[in-house]
Amino acid sequence: MLLVRLNVFVSFASLVLLPSAAKAEEKAGIISGNDIGAMVLALFAVLAVIVVLASLLKRFNLKFQGASGLKVLSSVSLGPKERLVIVDVGGQKLLLGVTQQRIECLKELPGDINLEGKQEQ
């Protein structure tokens with residue numbers, strides 16, 4: 001809504017203060033078919049770049065984690081806001097219970113625990 005008002009104000013100001021600029025704006029307001037084709041082509045190019053980057057992130061499983069010493073190994077949802085999470089903190093594996101109000105360490109797990117069919121070493 002604010003942009004519409006700003007656009008109306010700018011158009012009015014250009015008509016009152018710069019009549020020659022208003023005439024040039026009227027002539028430049030015509031969009032040709034080539035311009036529309038170029039805009040559509042640019043839109044598809046941007047969308048293609050977004051899709052390619054998203055697929056690369058998914059393929060290489062790139063995740064941005066803030067803490068370098070903390071890694072989430074597994075997570076299971078128990079309800080809408082409850083989870084069981086296995087994390088690796090400095091080589092030590094912990095089973096955490098996560099709720100909306102608190103996070104509690106339920107158990108310290110052995111270092112050679114088998115997760116997702118892989119043997120951790």
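Only a predicted model underlies this, so the values are computations on that prediction, with no experimental measurement involved. (Residues numbered from 1 in each chain as written. Predicted model: local features only at pLDDT ≥ 70, side-chain atom pairs only at ≥ 80, totals over all residues. Heavy atoms only, no water.)

Colleague: What am I meant to see in the overall build of the chain here?
Modeller: The secondary structure content of the chain amounts to 3 helices and 6 strands. When its helices and strands are written in sequence order, the chain yields α-α-α-β-β-β-β-β-β. Every one of the 121 residues in the chain was classed for burial, and the buried ones make up 12%. Long-range contacts, defined as pairs at least 24 residues apart, comprise 5% of the intrachain contacts of the chain with a sequence gap of at least 6. Element-wise, carbon and sulfur atoms account for 65% of the exposed surface of the chain, whose accessible area totals about 10400 Å². (Helix = DSSP H or I, 4+ residues; strand = E, 2+ residues; numbered from the N terminus. Buried < 20%, exposed > 50% of the residue type's maximum accessible area, 1.4 Å probe, protein only. Contact = heavy atoms within 4.5 Å. Areas by Shrake-Rupley, 256 points an atom, 1.4 Å probe, with all protein chains shown as cover.)

Colleague: Just checking my understanding: could you explain the pattern of salt bridges for this structure?
Modeller: One side chain can pair with another of opposite charge once the charged atoms of both are near each other. Under the definition given, this model contains 1 salt bridge. Among the ionic pairs, R102 bridges to E104, the shortest N-O distance being 2.7 Å. (Salt bridge = Lys/Arg side-chain N within 4 Å of Asp/Glu carboxyl O.)

Colleague: Explain helix α3 (residues 33-59) here, please?
Modeller: One turn of an α-helix holds 3.6 residues; hence residues three or four places apart share an orientation. With 27 residues, α3 extends 39 Å between its outermost C-alpha atoms, agreeing within 8% with the 39 Å of an ideal straight helix rising 1.5 Å per residue. With its phi angle positive at about 50°, N61 sits one or two positions after the end of α3. (Expected span 1.5 Å × (residues − 1).)

Colleague: Before we go on, may I ask you to explain the sheet that holds strand β3 (residues 92-98) in this structure?
Modeller: As a general point, the strands of a sheet are linked pairwise by backbone hydrogen bonds and lie either parallel or antiparallel. The strand order β1-β2-β3-β4 describes an open sheet built from 4 strands, whose pairing is antiparallel. Looking at the sheet topology across the chains shown, the edges are occupied by β1 (70-77) and β4 (103-109). Averaged over all pairs of adjacent strands, the angle between strand axes in this sheet comes to 25°, irrespective of strand direction. Two strands pair when backbone bridges link them, and β3 and β4 are joined in this way by 6 bridges, in the antiparallel orientation. When the bridges of β4 are listed, V98 appears paired with I103. (Pairing = 2+ DSSP bridges. Axes fitted to C-alpha atoms, helices over the stretch in contact; angles between N-to-C directions.)

Colleague: Whenever I open this one, a nonpolar patch on the surface confuses me. Can you help?
Modeller: Taken together, the side chains of I31, I36, M39, V40, L43, F44, V46, L47 and I50 present a nonpolar region at the surface, about 860 Å² in accessible area. With respect to the helices and strands, the residue L47 is situated in helix α3. The exposure class of L47 is partly exposed, given its relative accessible area of 41%. (Patch = residues over 30% accessible without salt bridge, like charges linked within 9 Å, V, L, I, M, F, W, Y side chains within 5 Å.)

Colleague: Just to check I follow, could you spell out the side chain of D88 for this structure?
Modeller: Looking at the secondary structure, you find D88 in strand β2 (residues 83-89). No salt bridge is formed by the buried D88; the nearest opposite charge belongs to K93, separated by 4.9 Å. In terms of polar contacts, D88 uses its side chain to reach the backbone amide nitrogen of Q92, at 3.3 Å. (Lys, Arg positive; Asp, Glu negative; His and termini not counted. Polar contact = N/O pair within 3.5 Å; in protein donor to acceptor, adjacent residues only side chain to side chain.)

Colleague: Even after reading the chapter, I still don't get the pairing of β2, so can you show me in this structure?
Modeller: As a general feature of sheets, a regular strand has side chains that alternate between the two faces. Here 7 bridges tie β1 to β2, and the two strands are oriented antiparallel to one another. Its bridge partner lying in β2, L70 is registered against V89. Two successive antiparallel strands, β1 and β2, enclose a turn made up of 5 residues. Looking at chain direction, β2 and β3 are connected through 7 bridges and run antiparallel. By the bridge assignment for β3, V89 is matched with Q92.

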